Amino acid sequence: MKFLLLFFEFFKTGLFSVGGGLATLPFLYSIAERYDWFTVHQLTDMIAVSESTPGSIGMNMATFAGFTTAGVLGGLAATLGLLLPSLLIILVLARFYMGFNEKPVVKAAFSCIRPAVCGMIAAACWQVARVALFTQDTVQILNLSLPQISAGALILFVILFTGTQKLKWHPAAFIAIAAVAGIVFKF
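On a predicted model such as this, the values are computed, not experimentally measured, just so you know.

1. Considerations on helix α5 (residues 104-133)
1) Next: With 30 residues, α5 extends 43 Å from end C-alpha to end C-alpha; this agrees with the ideal 44 Å at 1.5 Å per step.
2) Next: Every buried residue of α5 is accounted for by Val106, Val117, Ala124, Val128 and Leu133.
3) Next: Summarising the contacts, the buried residues of α5 are in contact with α2 (25-34), α3 (40-51), α4 (57-100), β1 (134-141), β2 (144-149) and α6 (151-166).

Right under this line is the structure:
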């Protein structure tokens, strides 16, 4: 039953996460809240593993989440669940897209889908930033209990964010730099 539920949850994720692997993040956070399969902290680890391994982040995360939940068969169920909607939809759309891609209604739909996907990805980035940049501790400022920021994580974030904007290195180089910084500075 768990395999079928994994397949179904990731099928829904694959069906509605328009925009690529990062667009799956809001759905994965929702899954983490509804089931005890993985925690939000483990989801952040899944993102790190998925970003540092070959392949699509969405597929890697589905495989990782399914595997941590129910082993190899769970990984297979989640991965197939995520893949199947895209495969079916692309096969149908590819058949018809060339005939209707210039129609005003199609252009109008895509002009609104793009910012919606951008908003979903931004929300997912905020979720990741909350876990990656803030500690579990809080600090009192003006009678408000605010999360305490990890200075080392923030510095690394700023350096790598600026580096990715300025340097044309392969993303793997930035991931390697972050891994080495984590080992050396232990934050």
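Resuming the write-up.
2. Re the packing of α2 against α5
1) Next: Axis separation between α2 and α5 bottoms out at 8 Å; the angle between their running directions is 50 degrees. Considering their axes alone, α2 and α5 lie oblique with respect to each other. Side by side, α2 and α5 meet where Leu25, Pro26, Phe27 and Tyr29 of the first sit next to Met120, Ala124, Gln127 and Val128 of the second.
2) Next: Each residue belonging to the contact of α2 with α5 can be placed in one class, and the counts come to seven nonpolar, one polar and no charged.

3. Description of the environment of Met59
1) Next: By secondary structure assignment, the location of Met59 is in helix α4.
2) Next: Along the sequence, Met59 and Ala78 sit 19 residues apart, while their C-alpha atoms lie 8.7 Å from each other.
3) Next: When neighbours within four sequence positions are excluded, Met59 is seen to be in contact with Thr79, Leu82 and Leu83.

4. Some points on the confidence of the model for the chain
1) Next: On average, residues of the chain score 86 in pLDDT, and 99% of them are at 70 or above.
2) Next: The least confident element of the chain is β1, whose mean pLDDT is 78; the most confident is helix α1 (residues 2-16), at 94.

5. Overview of the pattern of salt bridges
1) Next: Taken as a whole, this structure holds three salt bridges when the rule is applied.
2) Next: In this structure, the salt-bridge partner of Glu9 is Arg34, at a minimum N-O distance of 3.0 Å. Taken together, the positions of Glu9 in helix α1 and Arg34 in helix α2 put the pair 25 residues apart, joining distant regions of the chain.
3) Next: Three or more residues joined by partner-sharing salt bridges are found here, namely Glu9, Lys12 and Arg34.

Criteria and cut-off values
Residues numbered from 1 in each chain as written. Predicted model: local features only at pLDDT ≥ 70, side-chain atom pairs only at ≥ 80, totals over all residues. Heavy atoms only, no water. Helix = DSSP H or I, 4+ residues; strand = E, 2+ residues; numbered from the N terminus. Expected span 1.5 Å × (residues − 1). Buried < 20%, exposed > 50% of the residue type's maximum accessible area, 1.4 Å probe, protein only. Contact = heavy atoms within 4.5 Å. Axes fitted to C-alpha atoms, helices over the stretch in contact; angles between N-to-C directions. Parallel < 35°, antiparallel > 145°, perpendicular 65-115°, else oblique. Nonpolar A, V, L, I, M, F, W, Y, C, P; charged D, E, K, R; others polar. pLDDT = per-residue confidence, 0-100. Salt bridge = Lys/Arg side-chain N within 4 Å of Asp/Glu carboxyl O.

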